Amino acid sequence: MTRVAFLGLGHMGLPMAVNLVRAGHELHGFDLVPAAIDAARDAGIPVAGSGAEAVADAEVVITMFPAGRHVIAAYRDELLAAAQPGTLFIESSTIAVDEARTAHELALAAGHRNIDAPVSGGVVGAENGTLAFMVGGADDDFAAALPLLETMGKRIVHCGGPGLGQAAKVCNNMILAVSQIAVAEAFVLGERLGLEHQALFDVVSQASGQCWSITTNCPVPGPVPTSPANRDYQPGFAGALMAKDLGLALQAIESTGTDARMGRLAQQLYAAFAAGDGAGRDFSGIITDIRDGHSGS
């Protein structure tokens, strides 16, 4: 049993925390949003009165925050000073590579350990304990975190040193965004050529165009009953989050001078989608913009 503090009990954090409790770990959670605290209590998660209170006796602190600025502010203003020396901080938010490295340096300077461990797999993966973790940090810190990560995820990959978990995440999500747009465009093209959705799915899902964006996150209702398209594009992974992640990808593209034209275009399309009615819809809902001709504006 490990004493864990879990900070950030939103759509992803809460089911991850629930899985840790079910595995027998002693956990105290905290969130700044009252509705998240209520949901955590309803799920049987003990909730502390503050972040500092949650981490005070923890051996491991897991954070799942909206953005890098929240992580760095929480580390600087409250969490690092309140934690016991040598606490292992697992940063599972999706943030910029340089922000992950700043958080790592702050933790080490305060006498703690730190890894970045962003996730892929969405809410369903968090609920089922089948997330993928991309981890950056020292070998011994990765080894110490592994039993907890295996409780919440199915595939855990040590990507290298500090920040490289976030590097893998930003690359993965750039691929995902480009492929989701391509699949959506193909279905719209198929519609206009007279193809039934099921017929196109039956071909592509078993051919060279096969990818997660069609076999799991198919953007049209019918062929994959569990896809968000069958729930009026309820996320899932919201368009606003994809737009945020592609903003991080754009930062990385520009800082490295990478010729990534598809990544840049995907960032533009998802920024427009999130600025419209796509912020709270699943990111596969971008097919509606493509149908309406908004994606090229």
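Residues numbered from 1 in each chain as written. Predicted model: local features only at pLDDT ≥ 70, side-chain atom pairs only at ≥ 80, totals over all residues. Heavy atoms only, no water.

Caption draft 1: How the structure looks around the nonpolar core. F6, M16, I90 and F133 are the most contacted members of the largest nonpolar core, which has 52 residues in total. In this structure, F133 is in contact with M16, S92, A117, P118, V119, L149, M152, G153, R155, I156 and V157, ignoring residues within four places of it in sequence. Residues F187, M242, F273 and F283 belong to the second largest nonpolar core, which totals 29 residues. (Core = buried A, V, L, I, M, F, W, Y, C linked by side-chain atoms within 4.5 Å. Buried < 20%, exposed > 50% of the residue type's maximum accessible area, 1.4 Å probe, protein only. Contact = heavy atoms within 4.5 Å.)

Caption draft 2: Up close: helix α5 (residues 97-109). Compared with the 18 Å implied by 1.5 Å per residue over 13 residues, the 18 Å span of α5 between its first and last C-alpha is a close match. By the burial criterion, the buried members of α5 are A100, A103, H104 and A107. Considered in projection along α5, the buried side chains sweep an arc of 100 degrees and stay on one side of the axis. The exposed residues of α5 that point more than 90 degrees off its buried face are D98, E105 and A109. (Helix = DSSP H or I, 4+ residues; strand = E, 2+ residues; numbered from the N terminus. Expected span 1.5 Å × (residues − 1). Arc of directions from axis to C-beta.)

Caption draft 3: A look at the pattern of salt bridges. Per the counting criterion, the structure on display carries six salt bridges. A salt bridge links R113 to D141; the shortest N-O distance between them is 3.4 Å. Residue R113 is found in strand β5 (residues 113-116), and its partner D141 is found in helix α7 (residues 139-152); the two are separated by 28 residues along the sequence. Given the relative accessible area of 31%, R113 is considered partly exposed. Assessed through its relative accessible area of 6%, D141 is described here as buried. The salt bridge partner of R281 is D232, with a shortest N-O separation of 3.9 Å. You can see R281 sitting in the loop between α12 (261-278) and α13 (286-292) and its partner D232 sitting in the loop between α10 (212-215) and α11 (239-256), a full 49 residues away along the chain. (Salt bridge = Lys/Arg side-chain N within 4 Å of Asp/Glu carboxyl O.)

Caption draft 4: Looking closely at α7. Here α7 is 14 residues long and its end C-alpha atoms lie 20 Å apart, about the 20 Å a rise of 1.5 Å per residue gives. Where α7 bends most, the angle comes to about 45 degrees, and this point is L146, followed within four residues by the proline P147. Buried within α7 we find D141, F142, A145, L148, L149 and M152. (Bend = angle between axes of the 7 residues up to and from the residue.)

Caption draft 5: Layout of the side chain of Q180. Locating Q180 in the fold gives a position in helix α8 (residues 164-193). The class of Q180 is buried, set by a relative accessible area of 0%. The contacts of Q180, once residues within four sequence positions are left out, are W212, S213, N217, P219, Y270, F283 and S284.

Caption draft 6: Local environment of the packing of aromatic side chains. Tallied over the entire structure, the rule returns four aromatic pairs. Seen in terms of ring centroids, Y270 and F273 are 6.0 Å apart; in terms of plane orientation they differ by 80 degrees. Their pairing is edge-to-face. Of the two residues, Y270 and F273 are both situated in helix α12; the distance of three residues between them amounts to about one turn of the helix. Counting every residue linked through ring pairs, the aromatic cluster contains F237, Y270, F273 and F283. (Phe/Tyr/Trp six-rings, centres within 6.5 Å; stacked < 30°, edge-to-face > 60°.)

Caption draft 7: View of the environment of M262. In this structure, M262 sits in helix α12. Exposure remark for M262: the relative accessible area of 52% places this residue in the exposed category.

Caption draft 8: Inspection of the state of the cysteines at higher detail. Counting across every chain of the model gives zero disulfides. In this model C159 remains outside any disulfide bridge; the closest cysteine sulfur is found in C171, 9.7 Å from its own. By relative accessible area, which is 29% here, C159 ends up partly exposed. (Disulfide = S-S within 2.5 Å.)

Caption draft 9: Here's a closer look at the packing of α8 against α12. Contact geometry of α8 with α12 gives a least axis separation of 9 Å together with a crossing angle of 70 degrees. Relative to α12, the element α8 lies roughly perpendicular. Together, M174, A177, V178, Q180 and I181 of α8 and M262, G263, A266, L269 and Y270 of α12 make up the contact between the two elements. For the contact of α8 with α12, the class distribution of residues is eight nonpolar, two polar and no charged. (Axes fitted to C-alpha atoms, helices over the stretch in contact; angles between N-to-C directions. Parallel < 35°, antiparallel > 145°, perpendicular 65-115°, else oblique. Nonpolar A, V, L, I, M, F, W, Y, C, P; charged D, E, K, R; others polar.)

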